[in-house]
Amino acid sequence: MKLSVVTTLYQSAPYINEFHERASSAAKQLAGDDYEIIFVNDGSPDSSLELSIHLAEQDPHLVVIDLSRNFGHHKAMMTGLAHAKGEHVFLLDSDLEEEPEWLLKFQALMEGGSADVVYGVQESRKGGWFERWSGQWFYRVFKALTGLTLPENVVTARLMSRRYVDALLRHNEREVFMAGLWHITGFEQRACTIKKHGSSETTYTLRRKMSLLVNSVTSFSNAPLVSIFYIGVSISLFTSAYIAYLVIHWLFLAKPMSGWTSVMASIWLLGGMVISFIGVVGIYLSKIFSETKQRPYTIVRHIYARRPQQD
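How each quantity is defined
Residues numbered from 1 in each chain as written. Predicted model: local features only at pLDDT ≥ 70, side-chain atom pairs only at ≥ 80, totals over all residues. Heavy atoms only, no water. Helix = DSSP H or I, 4+ residues; strand = E, 2+ residues; numbered from the N terminus. Buried < 20%, exposed > 50% of the residue type's maximum accessible area, 1.4 Å probe, protein only. Contact = heavy atoms within 4.5 Å. Areas by Shrake-Rupley, 256 points an atom, 1.4 Å probe, with all protein chains shown as cover. Arc of directions from axis to C-beta. Axes fitted to C-alpha atoms, helices over the stretch in contact; angles between N-to-C directions. Left-handed = near helix turned anticlockwise from the far one by under 90°. Pairing = 2+ DSSP bridges. Phe/Tyr/Trp six-rings, centres within 6.5 Å; stacked < 30°, edge-to-face > 60°. Lys NZ or Arg CZ within 6 Å of the ring centre and 35° of its normal. Patch = residues over 30% accessible without salt bridge, like charges linked within 9 Å, V, L, I, M, F, W, Y side chains within 5 Å. Salt bridge = Lys/Arg side-chain N within 4 Å of Asp/Glu carboxyl O. Polar contact = N/O pair within 3.5 Å; in protein donor to acceptor, adjacent residues only side chain to side chain. Expected span 1.5 Å × (residues − 1).

Brief notes about the overall build of the protein
Scanning the protein for helices and strands turns up 10 helices and 8 strands. For the protein, buried positions account for 42% of its 311 residues. The long-range share in the protein, meaning contacts at least 24 apart out of those at least 6 apart in sequence, stands at 83%. Looking at the protein as shown, the accessible area adds up to about 17,000 Å², and 60% of this sits on carbon and sulfur atoms.

Below, the structure written as structure tokens:
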């Protein structure tokens, strides 16, 4: 098969019909009749599944993968890629903020060089000031803690070669952070500046963004654990110097010391640091616990398609 178009569905009912029409048109221009479109329903609470099944009954190119529940955007994307059979795979979101017609533009860039991936980068990040500010700091904190320089303001939309997708799918971790996996998989990757539309409200709340940051950093770096060691050494050196000062003060000056405030402040400071350090270690232990169980990151309930599907 020449081309696979992969997208995920979550509260996507208002966009499914138009997305299918536009994606089909773009795929036909590139691959003729040799293409497939894969919808991954990530436990969407609206009518996304029913609408996509209805389309699949009419279009033999359409495959609908229904997950047993909501597993998350990144895991749903990996599931769609695992079922894609095309020599080239075009991944994008279904809310039409990313245009299916970018496929032709990405293909032209890929043919013009030796790139295995052409991905979209926003010319300017959409959203209000807080969304733009938090997005900038996300990349800065991630780079500072992991040493990985991710391209900023990337979007989901990307055209990938078969060998790149196969390499990407070799990552078997259960806590999936797609931007990091896209980067560390390597190969020649080329950016394409695009303008992302604002057709829907983001589902990434501040809490989800913080969770994503913690997950991404702990998945790609041990810097928080190393920093605990150095902070502990620094506190120990400072404490040793302070103890030496107290001993000298007691031996030679013999003056009563009033230190209730400083002692209590030190106790609360060190107590809070100890608890936070235990929390950091606990995050890494929880990830080890999750990985060692080797549970599947998604479970497919059913695959809807007019043509036979092979595992």
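Observations concerning helix H4 (residues 102-111)
Buried within H4 are the following residues: Trp-102, Leu-103, Phe-106, Gln-107 and Met-110. One side of H4 holds all its buried residues, which, seen down the axis, span an arc of 135°. Each element contacted by the buried residues of H4 is listed here: strand E1 (3-9), helix H1 (16-31), strand E4 (88-91), strand E5 (117-122), strand E6 (154-161) and strand E7 (189-194).

What about the packing of H1 against helix H2 (residues 48-58)?
As a packed pair, H1 and H2 sit with axes 10 Å apart at the nearest point and diverge in direction by 35°. Between H1 and H2 lies a crossing whose hand is right-handed. Here Ile-16, Asn-17 and His-20 of H1 lie close against H2, whose contacting residues are Ser-48, Leu-51 and Leu-55.

Structural notes on the pairing of E4
Where E1 and E4 come together, 4 bridges link them in parallel fashion. Bridged to Val-5 within E4 is Phe-90. For E4 and E6, the ladder comprises 4 bridges, and the chain directions are antiparallel. Within the sheet, the bridge partner assigned to Leu-91 lies in E6 and is Arg-158.

Some words on the packing of aromatic side chains
With the rule as written, the count across this model stands at 4 aromatic pairs. When the ring centre of Phe-71 is taken as origin, the NZ or CZ atom of Arg-69, which lies over that ring, is 3.9 Å away.

A closer look at a nonpolar patch on the surface
A cluster of nonpolar side chains, Val-226, Phe-229, Tyr-230, Val-233 and Leu-237, forms an exposed patch at the surface whose accessible area comes to about 500 Å². Looking at the secondary structure, you find Leu-237 in helix H9 (residues 223-253).

With respect to the side chain of Ser-12
Considering the arrangement of structural elements, one finds Ser-12 in the loop between E1 and H1. A polar contact of 3.0 Å, which involves the side chain of Ser-12, links it to the backbone nitrogen of Tyr-10. For Ser-12, the contacting residues outside a window of four places in its chain are Ser-44, Asp-46, Ser-48 and Ser-94.

Considerations on H1
The α-helix advances 3.6 residues per turn, and as a result positions three or four apart in sequence lie on the same side. Relative to the 22 Å expected for 16 residues at 1.5 Å per residue, H1 spans 21 Å between its end C-alpha atoms, a close match to the ideal helical length. Along H1, the residues classified as buried are Ile-16, Phe-19, His-20, Ala-23, Ser-24, Ala-26, Ala-27, Leu-30 and Ala-31. Gly-32 occupies a position one or two residues after H1 and carries a positive phi of about 65°.

Structural notes on the pairing of strand E3 (residues 62-67)
Of all 6 residues making up E3, 6 are buried, and the element is well covered by its neighbours. Where burial is concerned, the two faces of E3 agree: the one with Leu-62, Val-64 and Asp-66 and the one with Val-63, Ile-65 and Leu-67 are both buried. In this structure, strand E2 (residues 35-41) lies alongside E3, joined through 5 bridges in parallel fashion. Across the sheet, residue Val-40 finds its bridge partner in E3, namely Ile-65.

A word on the pattern of salt bridges
Under the counting rule described, the total for this entry stands at 6 salt bridges. Note that Glu-18 is salt-bridged to Arg-22, the shortest N-O span being 3.1 Å. Taken together, the residues Glu-18 and Arg-22, both in helix H1 and 4 residues apart, mark about one turn of the helix. Measuring nitrogen to oxygen at the nearest pair gives 3.8 Å for the salt bridge that ties Glu-97 to Lys-196.

Side note on the environment of Leu-49
Within the secondary structure, Leu-49 is located in helix H2. Residue classification places Leu-49 among the buried positions, given a relative accessible area of 13%. When neighbours within four sequence positions are excluded, Leu-49 is seen to be in contact with Asn-41, Val-64, Asp-66 and Tyr-304.

Regarding the environment of Asp-166
In this structure, Asp-166 sits in helix H6 (residues 162-168). The spacing of Asp-166 and Leu-81 is 85 residues in sequence and 8.9 Å in space, taken between C-alpha atoms.

Remarks on the sheet that holds E2
Taken together, 8 strands build an open sheet; the order of strands is E7-E5-E6-E4-E1-E2-E3-E8 and the sheet is mixed. The open sheet terminates on both sides in strands that have one partner only, identified here as E7 and strand E8 (300-305). Strand-to-strand twist of the sheet, defined as the mean angle between neighbouring strand axes without regard to direction, takes the value 20°.

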